[in-house]
Amino acid sequence: MRLSFLYACRLIKQSRKLYFIAILNIALGLLGLFVLQNFKFSIQDSVQSRVLSLMGSHLSVSSRSIIPEDELSAVEALLPEFDKRFSQSFYTMMQGPKGLRLVQVIAQEEGYPFFGGLELRSGVLYPSNARLLKQEEALLSPELQIQLGVQVGDEFEIGEGVYKVRDFIEKDLGQSFSAFSLAPKVYITVQNIEATELIQTGSIVSKSYHYKFSQELSTSKIKQLQKKILSPGIRLSTPDRNGDQISRLLNYLNDFLGLSSLMAFTLVCIGLHYYYKSQADRWYSEAALLKYLGIKKSQIFFAFFFFMALVGGGGTLLTMLLGMLLSPFIQILIVPYLGADFQLNFYWKTPLIVVFIAVIGNVSLSIPVIYPILKSRTAAVFNAKIASSRVKMLSFCYIPFTAFMFAMAVGLSNSFLLGALFIGLVIGVLIITTLSAILFLYLGAFISNRAGGSAKLSMRYLTHYKASTITMVSSLALSVGLMILIPGIQKSIELEIMGEDVSNRSSFFLFDIQEEEVQALEDFCELHSFGLATVLPMVRSRILKINSNDFNRSINSGFTREEEFRQRFRNRVVNLSYGSQIPEGDKVTEGKWFEDRYNWETEEWAEISIETRYAKRLGIELGDRVEFEVLGMPVKAEVTSIRQVNWTRFNPNFFLILQPGTLEMAPKTWLASSSHFSEKEQIRFQELLFERFPTISVVNVDQIAERVFGIIQQMSSALIGMSVMSLLVAFIVLGTLIYQKVLMRRNDLGLLKILGMTEKRVTLLIVMECIAIAFLSCIVGGISGLGLVSIFSIQLLSNSIFPITSAYWIIPSIVVPFSGWIAYFVIKKLQHHKDFYRQVF
Amino acid sequence: MMRFLLILFLVQALCADSKILFIGDSLTEGYGLDPEKAYPAVVKELLLNEGYKSVTIINGGVSGSTTSSGLSRLKWFQRSKPDIVVIALGANDGLRGIPVQKTEANLKKMIQELVSWDTKVVLCGMKMPPNYGMEYRNQFAEIFPTLATEFEIDLVPFLLKGVGGVPDLNLSDGIHPNEKGYRVIAKTVYSVIYKLL
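Residues numbered from 1 in each chain as written. Chains lettered and ligands numbered in written order. Predicted model: local features only at pLDDT ≥ 70, side-chain atom pairs only at ≥ 80, totals over all residues. Heavy atoms only, no water.

Let us now look at the overall build of chain A. Each helix and strand counted, chain A has 21 helices and 22 strands in total. Scored against the burial criterion, the 841 residues of chain A give a buried share of 55%. Considering only residue pairs separated by 6 or more positions, chain A has 82% of its internal contacts joining residues 24 or more positions apart. Accessible surface computed for chain A: about 37,600 Å², of which carbon and sulfur atoms make up 59%. (Helix = DSSP H or I, 4+ residues; strand = E, 2+ residues; numbered from the N terminus. Buried < 20%, exposed > 50% of the residue type's maximum accessible area, 1.4 Å probe, protein only. Contact = heavy atoms within 4.5 Å. Areas by Shrake-Rupley, 256 points an atom, 1.4 Å probe, with all protein chains shown as cover.)

Quick look at the structure:
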């Protein structure tokens, strides 16, 4: 072992500069992974804190009925050390100067919510940074200022209690889109709730106990807690169970960051593999010599293994050093682009993960390099050229590395399918690029016979060093492919979540519009210049039969909570709509959209379109027949299309849409969405609408949408940052590949110089070679990258449109000149070295 | 002779086909339960037990509906030609704080329409829970007897009498009755309906 280690050290000593370049390559590459991983952890933390902000606590136990003491005690007995607060909420009518309005009164104990809170108009965050509410004080939703005409300092009554408006709420951090309330909120202290005299027998009041722990509860613990709740109607909520739209979006994007980390790491591996492979020539003769001198195979193996470990270890140590040193600067550079809410932190687990990945990755990558060397023959001692031609990378040696990459892919993307797909596609792209390179070489041989001057010589060298050219093209093409994939997916996610034009989103959703009010509402909007984006009919119905089988089942008392929920879902009334146009953003995945109107006199079965996940949940397939009951009248329909709905678009939509001509006569209500209004218009719209149509329910989605889109845009900036980081890594790898190539060619270049070629011509020769390789790689890699974008975006993210971004043409147009420039830079640097042209023989 | 005629009249009444339409919200629809367990179906059961041979029940309950949709829904059912229409709407108006004048106006339009059909009308009274405040509760509760008096129609003073606020008779949400609760409601409604048949 000692001998092996000393030999490894000697190998490094022999080529210190190369060693330094190699570890710098690893370090710069891994630095990308380091930063990306830190990003990922920061985002995970950000997601977690957002989820906690929405939830307000680590656990809450709530019910509209009494929560039995014994059940609460049983739950608390299982909890770790906790902090506990109580809150109550109910709906009531509030009287203001402009009239009476339904409000939701929320009474909270001092110190709740534990996380998040209310951003007040005065600029403070309640309760963490603000003075606590006095007994008679209240915080009000801003709508109440408009609807009831109350101002800060005004007194108002809730039941028998008299309160004073302390401030208005600018942003409720505990409000998610999925949990919007039908009334504006009034926050008061729990101590003063009795003064209202509204909590009596028969009152509908929701009571909640909220808990905060030093760490979050495990899934198994939550299950244990759930078992302790026996009374129906008691709800146990934890942040994980909070199916909030924002959290889902952030987790979704977080997985993409994992995938980007993986791409950055793949780029590092390409560079490292190319470096090791280029060293294999020399090692082959060294190994043969050692064997000739009687050194054991295992000692030779460890010698090279130690060498590679020292390269990997050196690179990793440098990464850590650079990572620690650069972190504050990266923070200063990146955080302004991510918004004030986002905090890029340093996590100690990041270097640990990076070290682990670097060690395992390096070891698995060393196998295909060392194994053929161990098979070296004594003849190689005397002839290095023979030696280099005998270095063969056996494909089975790549199995451990492929397995490692697969594990990484699954781990970083949080999905077995996505991980497998990624590895499969990378292998696919490698095969395609290799085949393209071989084809290019044949064409190159043909061209080199007809071209003249430097071009001819460049082409000759490229075709002569087939293995090197193929490796270079496939490595570079894969890098270009990945470079294109990252912004492609980023754009795809943006399209998926935000649609093409964010400014088109609605400000309000309007519900319960009666048939006779539709025209009046349209006229009202036209009169006051308010845009109505969507107006859709909604017909309540019940599913009776699916393929002649009864659908409804009764709920037995023996059902578990989940079974009861499922059964309720099955018995639940379903909302139907109808229309001739497919809703914007929807995509028919099976069957076809309606082509004509339904005629009840001639046709028995109308056509129906069902949303994908809803169809799956009910077990409905294309061609199935569903029978509905619309207020006692039967409606029969055959599933003629299954539709993918983009629910993130903030537009009203339906699971079930019937053919036009089916439900026009049925009693229905309408729902609508408004255009995007400015803040001033929003106030005016609410005031006028409330006056003219008091029974139409209005939900202001703008504030919630603003938050969701704000976070998405913030995340999008993070993704741009990630993409830039990955691109930097890719360019570093690109530079390394070219540097290695030039170094490999130093003997040839020396010979050319001796034969009388000027330095200028030698430089031109190398630059042309590199440009040719880069050009080919950009074509093959670019096409492969676009193919990958298409697979990830259209197939995996189910995007209906191919994401188009300027990165597709910017990347190749940078890569080609950059390759030429780096080749020029490297050759110029090497030409200044006094020994460069001496190593001919 | 008189006794014979009375018996004949009763037999005729018991054998006649009666169609009762219940137009309401989730309380009528039977939210969270099999529709056969909701009070309209139980009313039918009670009538059949009393000897009425042919009673058709139409459950026109729609969860979440307010009085605003009442009139258009009535028109959908006009072709079914009901003998009795039970209006059990208004609870959602109250829970959502809709101005009582609007609720009253909507119910008035429905009753006027039904009067033109020459159909017997039963109006079910609703009350708001105490948390809605005394003023609104009183104004809201007043709508139903006022309309019943004005149009001289039958009134179920409070649909949820003996059920509202009783945990044993409601689902875990504390708002919707369970199977036991519906049996109580059915008896309350039956006590008014049977006089009209």
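The structure having been displayed, the exposition proceeds.
Within chain B, the secondary structure is distributed over eight helices and five strands. The helix and strand sequence of chain B, counted from the amino end, reads α-β-α-α-β-α-β-α-α-β-α-β-α. Residues classed as buried in chain B amount to 57% of the 197 residues present. Taking as baseline every contact in chain B between residues at least 6 positions apart, the subset at least 24 positions apart corresponds to 76%. On chain B, roughly 8,700 Å² of surface is accessible, and the fraction owed to carbon and sulfur atoms is 56%.

Right, let's talk about the sheet that holds strand E2 (residues 54–61) of chain B for a bit. Residues and elements named next belong to chain B. One open sheet holds the five strands; their spatial order is E2-E1-E3-E4-E5, and the pairing between them is parallel. Every other strand in the sheet has two partners, leaving E2 and strand E5 (154–156) as the edge strands with one partner each. Shown here is a sheet whose adjacent strand axes are inclined to one another by a mean of 20°, direction ignored. For strand E1 (residues 17–24) and E2, the ladder comprises eight bridges, and the chain directions are parallel. Bridge pairing in E2 links Gly24 to Gly61. Taken strand by strand, helix H6 (residues 100–117) contacts E1, strand E3 (84–88) and strand E4 (120–124), and its axis lies near 180° from that of E3. Relative to E5, helix H8 (residues 179–193) is tilted by about 165°, and along the sheet it contacts E1, E3, E4 and E5. (Pairing = 2+ DSSP bridges. Axes fitted to C-alpha atoms, helices over the stretch in contact; angles between N-to-C directions.)

Further remarks concern helix H17 (residues 679–692) of chain A. All names here are of chain A. With 14 residues, H17 ought to run about 20 Å at 1.5 Å a step, and its terminal C-alpha atoms sit 20 Å apart, in line with that. Restricting attention to buried positions, one finds in H17 the residues Gln682, Phe685, Gln686 and Leu689. Summarising the axial view, the buried residues of H17 lie within an arc of 95°, below the 170-degree limit, and thus occupy one face. Pointing more than 90 degrees away from the buried face of H17 are the exposed residues Lys680 and Glu691. (Expected span 1.5 Å × (residues − 1). Arc of directions from axis to C-beta.)

This part covers the interface of chain B and chain A. Each partner contributes residues to the interface: chain B has 36 residues there, and chain A has 38 residues. Counting the surface lost from both chain B and chain A, the interface buries some 3,300 Å², and carbon and sulfur atoms represent 61% of this. Linking chain B with chain A are one salt bridge. Between Arg542 of chain A and Glu29 of chain B there is a salt bridge; the shortest N-O distance is 3.6 Å. Linking chain B to chain A there are five residue pairs in polar contact (both at pLDDT 80 or more). The dominant element in the side of chain B that touches chain A, judged by the number of residues it contributes, is helix H4 (residues 70–77) of chain B, at four residues. Of the residues contributing to the side of chain B that touches chain A, the split by class is 14 nonpolar, 13 polar and nine charged. (Buried area = accessible area lost by both parts, 1.4 Å probe. Salt bridge = Lys/Arg side-chain N within 4 Å of Asp/Glu carboxyl O. Polar contact = N/O pair within 3.5 Å; in protein donor to acceptor, adjacent residues only side chain to side chain. Nonpolar A, V, L, I, M, F, W, Y, C, P; charged D, E, K, R; others polar.)

Below, the discussion takes up unusual backbone geometry. All names here are of chain A. Of the consecutive residues Tyr112 and Pro113, the connecting peptide bond is found in the cis state with omega at 5°. Locating Pro113 in the fold gives a position in the loop between strand E3 (99–108) and strand E4 (118–120). Omega for the peptide link from Tyr126 to Pro127 comes to 5°, which places this bond in the cis form. As for its placement among the helices and strands, Pro127 is situated in the loop between strand E5 (125–126) and strand E6 (137–140). The backbone of Ser529 shows a phi angle near 60°, a positive value even though the residue is not glycine. When you line up the elements, Ser529 lands in the loop between helix H14 (515–527) and strand E13 (532–546). Here the phi dihedral of Asn547 falls at roughly 50°; this positive angle occurs in a residue that is not glycine. Residue placement: Asn547 occurs in the loop between E13 and strand E14 (549–550).

A few words now on the environment of Thr433 of chain A. Residues and elements named next belong to chain A. With respect to the helices and strands, Thr433 occurs in helix H11 (residues 416–450). The residues contacting Thr433, other than those within four sequence positions of it, are Val473, Ser474, Ala477, Val780 and Ser784. A polar atom in the side chain of Thr433 sits 2.9 Å from the backbone oxygen of Leu430.

A few words now on the packing of H14 of chain A against H17 of chain A. Residues and elements named next belong to chain A. Close contact between H14 and H17 brings their axes to 12 Å; oriented N to C, the two are set at 145°. Of the two possible hands of crossing, H14 and H17 adopt the one that is right-handed. Judged by residue contacts, Ala520, Leu521, Phe524 and Cys525 of H14 engage Phe685, Leu688, Leu689 and Arg692 from H17. Its residues placed into classes, the contact of H14 with H17 shows seven nonpolar, no polar and one charged. (Left-handed = near helix turned anticlockwise from the far one by under 90°.)

Residue and element names in this part refer to chain B. Between H4 and H6, whose axes approach to 9 Å, the crossing angle comes to 25°. The angle between H4 and H6 falls in the class roughly parallel. The way H4 lies across H6 gives a crossing that is right-handed. Contacts between H4 and H6 involve Gly70, Leu71, Leu74 and Lys75 from the former and Lys109, Met110, Glu113, Leu114 and Trp117 from the latter. Grouping the constituent residues of the contact of H4 with H6 by class yields five nonpolar, one polar and three charged. (Parallel < 35°, antiparallel > 145°, perpendicular 65-115°, else oblique.)

All names here are of chain A. Going through the model one piece at a time under the given rule, you end up with 15 salt bridges over all chains. Residue Glu664 pairs with Arg597 through a salt bridge whose shortest N-O separation is 3.7 Å. In this pair, Glu664 is assigned in the loop between strand E20 (656–658) and strand E21 (669–674) and Arg597 in the loop between strand E16 (587–591) and strand E17 (606–611), connecting sequence segments 67 residues apart. The exposed category is assigned to Arg597, whose relative accessible area is 52%. Put simply, Glu638 and Arg625 hold a salt bridge, and the shortest N to O gap is 3.1 Å. With Glu638 in strand E19 (residues 633–644) and Arg625 in strand E18 (residues 625–630), this residue pair connects regions lying 13 residues apart in the sequence.

All names here are of chain A. One pass over the full model with this rule turns up 25 aromatic pairs over all chains. With a centroid separation of 4.4 Å and 35° between ring planes, the pair formed by Trp593 and Phe594 is classed as tilted. With respect to burial, Trp593 and Phe594 carry one shared label: buried. Between the aromatic rings of Phe818 and Trp821, the centroid separation amounts to 6.0 Å while the plane-to-plane angle is 35°, which identifies the pairing as tilted. Highlighted residues: Phe818 and Trp821, both in helix H21 (residues 807–831), separated by three residues, approximately one helical turn. Aromatic ring contacts, followed pair by pair, group Phe508, Phe524, Phe530, Phe677, Phe685 and Phe693 into a single cluster. In this structure, Lys636 is placed above the aromatic ring of Trp605, and the distance from its NZ or CZ to the ring centre is 5.5 Å. Just above the ring of Phe693 sits the side chain of Arg692; from NZ or CZ to the centre is 4.4 Å. (Phe/Tyr/Trp six-rings, centres within 6.5 Å; stacked < 30°, edge-to-face > 60°. Lys NZ or Arg CZ within 6 Å of the ring centre and 35° of its normal.)

If you trace the backbone, Thr669 of chain A turns up in strand E21. Not counting residues within four places of it along the chain, the set of residues in contact with Thr669 of chain A comprises Asp512, Ile513, Gln514, Leu536, Pro537 and Met538 of chain A.

This brings us to the nonpolar core. Judged by nonpolar contacts, the single largest core of 106 residues is most densely connected at Phe628 of chain A together with Tyr39 and Ile87 of chain B. Mapped onto the domain boundaries, this core takes at least three residues apiece from domain 2 (82–213) and domain 4 (532–674) of chain A. Counting residues in each nonpolar core, the second largest holds 101 residues, with Phe404, Ile423, Leu485 and Ile489 of chain A among its members. (Core = buried A, V, L, I, M, F, W, Y, C linked by side-chain atoms within 4.5 Å. Domains from an automatic or database assignment.)

Without other data, these values stay purely geometric and don't point to any function.
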